[in-house]
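Listed here are the chains, written in short residue letters.
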Amino acid sequence: MRGGRDEQLERLASTSFDLLVIGAGAIGSATAWCASLAGARVAIVDRGDVAGATSSASSKLMHGGLRYLAMGDIGLVREAHHERRIHARTVAPHLVRPLEFVVPVGPESPTALWQVRAGVFLYGALARFADGRNGRISLAAARRRVPPLLTGGLRGTVLYHDHQTHDARLALSALAGAADAGATVVPHAEAVALRMQGGAVSGAEVRDRLGGAAVSVAARAVVNASGPWVDAVRRLEDPAAGTSVLLSKGAHAVLTGGAGWTAAVTTPLPGGRVSFAIPWEGMLLLGTTDEPYDGDPAAVAASDADVAQILAEAGRSLAADVLDPALVRSRFAGVRVLPAAGSSTIRARRETVVNRGRGGMVSVAGGKLTTWRLIGARAARLALAPLGGGSVPRRPVPLPGAGRLAAVERSLAEASPDLPVDVRAHLARHYGTRAAEVVAAAGGDPALLGRIHPDGPDIWAQAVYGRDREWAATVDDILRGRTTVALRGLDDERVRAEVERVLRR
Ligand SMILES: Cc1cc2nc3c(=O)[nH]c(=O)nc-3n(C[C@H](O)[C@H](O)[C@H](O)COP(=O)(O)OP(=O)(O)OC[C@H]3O[C@@H](n4cnc5c(N)ncnc54)[C@H](O)[C@@H]3O)c2cc1C
């Protein structure tokens, strides 16, 4: 870690910050990054792991959002298209990659073929046709892209373009950028109360959830980016604060599969939902459900019933043999945040809630991963405005590690020819130009350049790098948040015990 956890906690207690961000999901991380780039002294805390909640439980798409098109929110679609393109070009080319989507339209599809064709045409137009042609393709062309696609009885198949990413790594990269600019980053540290001075919020009382220490953090401004917890944190400022958001649970399943797919599948479902089947990390990601949720956001989990529903919905478009429950490697769930009707917001776009509380705290929640950077920049501007000082950049700034995949893979191959090709590709995709730092974290120890599990591409040096450079403090931080080991279902007892040893070293 950058200076060690004790040192970070000490800095949290002893520094007078310009901005404290509560919540290190995608939005909080972007806020901290943007404010740090503006020259502010920033601290960011999270009650759990960084990006450990919604921001590691998404469908991992950077998309314009066909759904918003159906709702008529053209501005939002255009903005999201723009964001995904500048991410792929400038902000994080290694983390954001183009992906084709096939929409099969059958007799039971809730949307007619002509509607889907018209929709994807308009979708492409709003992206200025920059991704390739959207429109009808033959069933044979669809099956070439997705071999197990069921084509019997289909009225037609339609193709459109979006991007896919790795949600948690986007947030981690922003935190790395914030830390490079001097920010203090402390996960597993919960804001349990706010400091008040003359009626104004002036920091927070924070509890270290690993060591138990209480830390009082002084800050001139506070942003509440606590996602599904946004109203709980608003009530720390004003116990009478009402409800600004509604929650909905979405679950995913990760299966062995996806080999030979060059496109994802978007199956329209009744009620305006879709089922995604996405080739991701050499596996198949299926989801998602959408159920109202009023439980504890920390307790959200994908149930057996969720997985059964996900497999059944994917089965409308895919052959049964690729959806065998025995192929499920892992599952996860997250909580969507939607603006509550009538919530008192000073800026409520269709999906984002931003408000300033009685004590001046800026609360921001909802929106999409796709527009995380914009939402974070807006929150940082709003919070820093009363303080004067530096300005948040409006141009797209590359995240640490930003680089073209081919170039990163080439330089890794030259520097580390002994690493297997799949490991090099994995490191390049996750760390970009910083992959070389991960390899260096092995310190020349060949054991640390070995695989964490023989069936996956993650190596031990990632665990060391996660511990020393990316704030990982628990076994789950490493297996879920810094590697793909848990998502692959490879986090067995041997692996867990060995990770424990790495953390204690
Ligand atoms: C099922 C699902 C699929 C999705 N798919 C997509 C997609 O494909 N593309 C897309 O663009 N968007 C998608 N989204 C939306 C996207 O994931 C979210 O908009 C985004 O992750 C929200 O980030 P956040 O930082 O606001 O919230 P979170 O990631 O939940 O972060 C909030 C953080 O605050 C912390 N916190 C809470 N209380 C405290 C406290 N008191 N003290 C300290 N820390 C605290 C939490 O631990 C948490 O880490 C999806 C969402 C869901 C649920």
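Since the structure is predicted, the reported quantities are computational estimates derived from the model, not experimental observations. (Residues numbered from 1 in each chain as written. Predicted model: local features only at pLDDT ≥ 70, side-chain atom pairs only at ≥ 80, totals over all residues.)

What exactly am I supposed to notice about the domain arrangement of the protein chain here?
A common way to state how big an interface is: give the accessible area lost once the parts meet. One can read the domain layout of the protein chain as domain 1 (5–52 + 168–243 + 343–387), domain 2 (61–165 + 246–337) and domain 3 (405–504). Each of domain 1 and domain 2 has a C-alpha centre, and the two are 31 Å apart. Contacts between the two partners involve 16 residues from domain 1 and, on the opposite side, 17 residues from domain 2. Of all the elements in the fold, those that place two or more residues in the side of domain 1 that touches domain 2 are α7 (167–180), β19 (362–366) and α10 (372–384). Broken down by element, the side of domain 1 that touches domain 2 gets its largest block of residues, 3 residues, from α7. Classifying every residue of the side of domain 1 that touches domain 2 by side-chain character gives 6 nonpolar, 5 polar and 5 charged. (Domains from an automatic or database assignment. Contact = placed C-beta atoms within 7 Å. Helix = DSSP H or I, 4+ residues; strand = E, 2+ residues; numbered from the N terminus. Nonpolar A, V, L, I, M, F, W, Y, C, P; charged D, E, K, R; others polar.)

Help me out: how do you make sense of the site of the ligand in this one?
Taken together, 39 residues sit near the ligand, with Gly23, Gly25, Ser55, Gly227 and Gly250 positioned nearest. Every element with two or more residues in the shell around the ligand is listed here: α2 (26–37), β8 (189–197) and β16 (328–339). Residues of the shell around the ligand, tallied by class, amount to 16 nonpolar, 17 polar and 6 charged. (Near = placed C-beta within 6 Å.)

How should I be thinking about the pairing of strand β11 (residues 245–255) in this particular structure?
Every regular strand shows the same layout, with side chains that alternate between the two sheet faces. Most of β11 sits inside the fold, with 9 of its 11 residues counted as buried. Pairing between β11 and β16: 11 bridges, direction antiparallel. Residue Leu247 lies in a different strand from β16, and its bridge partner there is Val337. Of the pairings in the sheet, the one linking β11 to strand β15 (residues 291–292) comprises 2 bridges and is antiparallel in character. Paired with Ser248 across the strands is Pro292, a residue of β15. (Buried ≥ 20, exposed ≤ 12 C-beta atoms within 10 Å, placed from the backbone. Pairing = 2+ DSSP bridges.)

Got a minute to help me understand the pairing of strand β12 (residues 263–268) in this structure?
The buried count for β12 comes to 6 of 6 residues, which makes it a mostly enclosed element. What you see with β12 is no split at all: Ala263, Val265 and Thr267 on one side and Ala264, Thr266 and Pro268 on the other are buried throughout. Note that strand β4 (residues 97–105) and β12 share 3 bridges and pair parallel. By the bridge assignment, Val102 is partnered in β12 with Val265. The pairing of β12 with strand β13 (residues 274–280) spans 4 bridges and is classified as antiparallel. Bridge pairing links Thr266 to Phe276 in β13.

Looking at this model, I keep getting lost on helix α12 (residues 421–431). Mind explaining?
Helical geometry: 3.6 residues make up each α-helical turn, so side chains three or four residues apart lie on a common side. Here α12 has its buried residues at Val423, Arg424, His426, Leu427, Ala428, His430 and Tyr431. Buried-residue contacts for α12 involve α7, α11 (405–415) and α13 (435–441). Positive backbone phi, at 55 degrees, marks Gly432, one or two positions downstream of α12.

Mind showing me how you'd approach unusual backbone geometry here?
With the exception of glycine, the majority of residues adopt a negative phi angle, and the majority of peptide bonds are in the trans configuration. Here the bond from Gly287 into Thr288 is cis, since omega is 10 degrees, no more than 30 degrees from zero. Among the structural elements, Thr288 can be located in the loop between β14 (283–287) and β15. Even without being a glycine, Ala51 presents a positive backbone phi close to 55 degrees. Of note, Ala51 is situated in the loop between β2 (42–45) and β3 (61–62). Look at Ala51 and you get buried, because 27 C-beta atoms sit within 10 Å. Phi angles above zero are rare outside glycine, and Lys60 is one such case at about 65 degrees. Looking at Lys60, the number of C-beta atoms within 10 Å reads 22, which means it is buried.

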